[in-house]
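What follows is each chain in one-letter form.
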Amino acid sequence: MKKLVIFDLDGTLLDTLGDLCDAVNFAVESVGRPKRTMGEVRTFIGNGTKKMLQRALGDCFDDGLLGECISKYTEYYSKNYAVRTYVYEGINECLEKLVSNGIECAVVTNKLHDISVDLCDRFFPGKFSRVIGDYNGAARKPDPSKTLDVIREVSCDVAVFVGDSHVDVETAKNAGIPCVALTWGYDSKEALETAGAKIFADDARQLYNRLAELLNIAK
């Protein structure tokens, strides 16, 4: 029986908040808007770059200003996306145990595709058979299209989604698969519960145990 775990990236496997905050502030200051705090940027993450920057700009902006902001953000972040980013404690060990138990692992994220692939290659070499990020024309989570594409490509019998945000919980629900919601990421537990999360993990060891139960593998 083929088994698959699909992971989100930001706030799930990697803490990318420092680099995202720096890039957002470079972009909004470049178009004459005030900087945002790290706490504010945390709440903007989850629905892709465009939505994040719309939230960072606030209520009053037009398409031209947003387009300029996206351009400045992309310019900065494409060169500085791994400066303050780091792997959450215990995640590599969790992935190694999954792979050693024959579990296929993949990433589906709303982060820019090329950057997502490079971050996974840098921090998790050889762990993921597929990494799918945001690219032109592709539907973003919580649309389940990319998740369902991975499930079909792998031809798995059992799949589980792992993420830290209400967007991930909704993606799993839309794809018809269970979700392990992580409490160490960018959404609050209350937001995860409101989205319908039922299974939670507070650290990487607990995450592995939750997955072991769902996938029927050794703890």
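Predicted model only: the values in this text are computed from it and were never measured.

Visitor: Is there a simple way to think about the pairing of strand β4 (residues 104-112) in this case?
Guide: Two faces belong to every sheet, and in a regular strand the side chains alternate between them. Most of β4 sits inside the fold, with eight of its nine residues counted as buried. The pairing of strand β1 (residues 3-7) with β4 spans four bridges and is parallel. In the sheet register, Ile 6 faces β4, and the bridge partner there is Ala 106. Read as a crossover between parallel neighbours, the route from β4 over helix α6 (residues 113-123) to strand β5 (residues 130-134) is right-handed.

Visitor: Please clarify how the sheet that holds strand β7 (residues 179-182) should be interpreted in this entry.
Guide: The strands making up a sheet are joined through hydrogen bonds of the backbone, oriented either antiparallel or parallel. Pairing within the open sheet is parallel, and its six strands lie in the order β5-β4-β1-β6-β7-β8. In this open sheet, the two edge strands, each paired with only one partner strand, are β5 and β8 (199-201). Strand-to-strand twist of the sheet, defined as the mean angle between neighbouring strand axes without regard to direction, takes the value 25°. Pairing geometry for β7 and β8, over three bridges, is parallel. When the bridges of β8 are listed, Leu 182 appears paired with Ala 201.

Visitor: Looking at this structure, how should I read α6?
Guide: Working note: α-helix, 3.6 residues per turn, so residues spaced by three or four point in the same direction. Turning to α6, its buried residues number three or more, namely Ile 115, Ser 116, Leu 119 and Cys 120. On an axial view of α6, the arc spanned by its buried residues comes to 130°, and they lie on one face. Exposed and oriented more than 90 degrees from the buried face of α6 are Asp 114, Asp 121 and Arg 122. Residues of α6 that are buried in the fold lie against β2 (14-15), α4 (63-77), β4 and β5.

Reading the values: the criteria
Residues numbered from 1 in each chain as written. Predicted model: local features only at pLDDT ≥ 70, side-chain atom pairs only at ≥ 80, totals over all residues. Heavy atoms only, no water. Buried < 20%, exposed > 50% of the residue type's maximum accessible area, 1.4 Å probe, protein only. Helix = DSSP H or I, 4+ residues; strand = E, 2+ residues; numbered from the N terminus. Pairing = 2+ DSSP bridges. Right-handed = clockwise from strand over helix to strand, strands pointing away. Axes fitted to C-alpha atoms, helices over the stretch in contact; angles between N-to-C directions. Arc of directions from axis to C-beta. Contact = heavy atoms within 4.5 Å.

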